[in-house]
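As a plain string of letters, each chain reads:
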Amino acid sequence: MGKRKHPPISIHQTLDGNLQVNWSDNYNHEFVCPLCNRGRLSHFYYDKTTLCQIQLSCEACHKSTPLSCQLRKSPPISIHQMLDGTLSVNWKTDYAGEFICPNCNQGKINNFHHSQKPICKLRLECDSCSQITNLTCEVPQLPPISIHQTLNGTLQVNWKADYAGEFICPQCNQGQLNRFSYSKGSVCKLRLGCDFCHQVTYLTGKFKHLPISIHQTLQGTLSVNWAEKYSGEFICPQCNQGQISKFHYADGQSHQLKLGCNSCSLKTLLCCQVPPQFHGYRQHLVCPNPLCHQIGPDGQKGWIYETFQTTSSQSNCRCYFCHINFHPNATSYGSWVGYQQEETLLNFCFDDDVWDFRHFIKNSPVKILNFKSIQPEWFRVLVKQYLYSLLKSGRFSASAKPMNSLVALRQFSQILKPNNIQHLSEISRELILSFLDLNQSNCNRTIREKLYNLKDFFDFFGLESLSLVRHRDIPKQIIQDVDWLDEITRQRIKQHLDKIPAPVARHYLVQEYTAARPADICQMAFDCLVEENGQWYIKFYQHKVERWHRLPAPREIRQVIEQQQQWIRKTFDLDYPYLFCHFRSIKQSSYPSFPSLKPLPQPPQVTASGNPMVRLIRLLIEQEDIRDSNGQKPYFTGKITRASRLQEVSKCFALLKRLKKAVNP
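These figures come from a predicted structure and were not determined experimentally. (Residues numbered from 1 in each chain as written. Predicted model: local features only at pLDDT ≥ 70, side-chain atom pairs only at ≥ 80, totals over all residues. Heavy atoms only, no water.)

Enquirer: Tell me about the side chain of Q565, residues and numbers included.
Expert: As for its position among the elements, Q565 is in helix α15 (residues 555–571). The residues touching Q565, leaving out its near neighbours within four places in the chain, are F526, D527, C528 and L579. (Helix = DSSP H or I, 4+ residues; strand = E, 2+ residues; numbered from the N terminus. Contact = heavy atoms within 4.5 Å.)

So, in structure tokens, the structure goes:
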């Protein structure tokens, strides 16, 4: 036999504490069943509802005997509202069993049930028929009043005062209608019940709305009352068997009525459904998707219609051809419309407090330089002069360093205004110390960069920067080991690359092989493969050092690039200059099919939060539970492939060095 799930141990509350009795060890079957007085109590049952958690069973009558008396959760006390106050009756002490059950007139009322529903909080039970008797009459929550709409207004009938029980039940033709129940869904708000068959009778027809359909015709509106003018001659078009005999009011339908079959119960509409691309057509709108090239009914790009989802958070316009959703008045750069709206580049004005980066740097991810929050005004003018000189000199090819200089000078201006500094010559060593206190929560690298920006600013205007920013102010930079992916992680990622879109997977493979910076890969030219003297190379531009670089291209990586070139030419126009592109609608819930993923004719975003390759590899690591050799989930970034490739090359170089040393000791 299998082991017991629960051992036969009973728990008893005593004055000295808890007593546990193991009935398999301490019991020799000496107890006789108190119910039949014949068999022995030899079986044990675990029962968590009893106090002792064990019941004994008789081997003869098989009835169970609890080891303790059952205590009531609530005492049998009824509560009665009187004119003098509240009366509480304890039926256990004040009642001697003298009441006969009013339901069967045989048994006595000697069982009590506590309940929150009755007014007196107690119900009595008969020991013969087991029916329940309430101690008070139940007061209905709502009076038996029915409401009837008449030509002269609303008629209310109080059935308790105006009705004498003269109606016979139409269901059984025997009992009387003398029971009333409130019905919120019925028109008259009341239903009558029979005292014989207990069936319900409505005071009006069940139709809350008359079966009237409304049809638009050339002569105006036609209303058809199907209850008067229809004789059941229509066969259901769904099953071809039953008759159209049911009518359903439909507020959302143009005819406001649906027909129902008495056989298949399917509903039939009185008119054909007009698709939303027709009744919601918006001829003045064009599709903002650059890959949508189909022509709409009026010769415009795309076929735009309104979806009328006013309660939804989604956009309310949709293209019938490419199925994108958008808002026609969107202004954010991340939206379809905002992305396509090319702002006109106005003439540069030095006095403006907001500058467009396009005047200085092309294809910058940062759009503007904002000087509005720099106070006082004289310092704002100096900051604009400093940055204008640097930007015009061509010193910066990216927007990161000008933005960092602007951030540092903006924070320094927060110290000038409270100290009432009116001129550049009034800047003292104490202000630099206050600036350090303001940035003490930053890391050492950030503090170093901000101090160097201040020094360069002071040198530009001829101040003694060495006396203001001293060498000891600049914290030491701790160079930590770079993060990289070990071999196990790289292999597992490659094993699951088929779970993400192929163009993004090829982006990862090219970036991993070349060990290039994310910005260089995102803007890699379409014709990056070059052949010289029978040898193939990958050629790309390194933006940080501003020079061209090339790497040998073996057959495997060359096939990956050629496949990507074929996909780009198939997806975009012939003038698209990049090897990779950006993607929209990357959703975690669509993994791994990504049905809503849409390519855009622009290079991928460089930042890790916006780069589609980084986002999908992170999603791949999360969904496939990829872990490194230490059992930890790697944190994937765009630049981690560069360190991983260099680590792999260093490992191979060290192995080659050891082999040479072994061959030539």
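The structure having been displayed, the exposition proceeds.
Enquirer: With reference to specific residues and values, describe helix α13 (residues 502–514).
Expert: Over its 13 residues, α13 extends 18 Å from the first C-alpha to the last, a length consistent with the 18 Å expected when each residue adds 1.5 Å. The buried fraction of α13 is high, at 10 of 13 residues. Residues P503, V504, A505, R506, H507, Y508, V510, Q511, E512 and T514 constitute the buried set of α13. (Expected span 1.5 Å × (residues − 1). Buried < 20%, exposed > 50% of the residue type's maximum accessible area, 1.4 Å probe, protein only.)

Enquirer: Before we move on, could you go through the nonpolar core and cite the residues and values that matter?
Expert: If you look at the biggest cluster of nonpolar residues, it comprises 34 residues, and the most contacted ones within it are F371, F379, V383, F412, I427, F457 and F458. Elements supplying a minimum of two residues to this core: α7 (377–392), α8 (400–416), α9 (429–438) and α10 (444–460). It is α7 that provides the largest number of residues to this core, a total of seven residues. Core analysis: the second largest hydrophobic core is formed by 28 residues, L497, I586, L597 and I617 among them. (Core = buried A, V, L, I, M, F, W, Y, C linked by side-chain atoms within 4.5 Å.)

Enquirer: Lay out the environment of A161 in plain terms, naming residues and giving numbers.
Expert: With respect to the helices and strands, the residue A161 is situated in helix α3 (residues 159–162). In this structure, the C-alpha to C-alpha distance between A161 and P144, residues 17 residues apart in sequence, is 9.2 Å.

Enquirer: Give a description of the sheet that holds strand β19 (residues 257–261) that names residues and reports values.
Expert: Read from one edge to the other, the open sheet built from three strands follows the order β18-β19-β20, with strand pairing classed as antiparallel. For this open sheet the edge positions go to β18 (244–249) and β20 (267–269), each flanked by a neighbour on one side alone. Strand-to-strand twist of the sheet, defined as the mean angle between neighbouring strand axes without regard to direction, takes the value 40°. Inspection of the sheet shows β19 paired to β20 by three bridges, in the antiparallel sense. When the sheet's bridge partners are listed, K258 is paired in β20 with L269. (Pairing = 2+ DSSP bridges. Axes fitted to C-alpha atoms, helices over the stretch in contact; angles between N-to-C directions.)

Enquirer: I'd like to hear about the confidence of the model for the protein, residue by residue, with values.
Expert: Low pLDDT means the predicted coordinates in that region are not meant to be read closely. Averaged over all residues, the pLDDT of the protein equals 82, while 86% of them reach at least 70. The least confident element of the protein, judged by mean pLDDT, is helix α6 (residues 336–340) at 58; the most confident is α15 at 94. (pLDDT = per-residue confidence, 0-100.)

Enquirer: Account for α15, naming residues and giving values.
Expert: For α15, spanning 17 residues, the distance from its first C-alpha to its last is 24 Å, which sits close to the expected 24 Å at 1.5 Å a residue. Buried residues of α15: I557, R558, V560, I561, Q564, Q565 and I568, and no others. Buried residues of α15 fall within an arc of 155° about the axis and therefore sit on the same side. Residues of α15 that are exposed and point over 90 degrees away from its buried face: R555, E556, Q566 and K570. Contacts from the buried residues of α15 go to α13, β26 (529–532) and β27 (535–542). (Arc of directions from axis to C-beta.)

Enquirer: For the environment of Q566, give the residues involved together with the corresponding values.
Expert: Mapped onto the fold, Q566 is located in helix α15. Accessibility expressed as a relative area gives 59% for Q566, which makes it exposed. When the C-alpha atoms of Q566 and L579 are compared, they prove to be 9.9 Å apart, with 13 residues separating the residues in sequence.

Enquirer: Outline the packing of aromatic side chains, listing residues and values.
Expert: Scanning the entire structure with this criterion turns up 49 aromatic pairs. For the ring pair W159 and F167, a centre distance of 6.1 Å and an interplane angle of 65° mean the geometry is edge-to-face. W159 sits in the buried class, given a relative accessible area of 9%. Residue F167 is classed as partly exposed on the basis of its relative accessible area, which comes to 40%. Cluster of aromatic residues (ring-pair linked, three or more members): W378, F379, Y386, F412, F435, F457, F458, F460 and F461. Above the ring of W548, the side-chain terminus of K539 is found at 5.1 Å from the ring centroid. When the ring centre of Y537 is taken as origin, the NZ or CZ atom of R550, which lies over that ring, is 4.1 Å away. (Phe/Tyr/Trp six-rings, centres within 6.5 Å; stacked < 30°, edge-to-face > 60°. Lys NZ or Arg CZ within 6 Å of the ring centre and 35° of its normal.)

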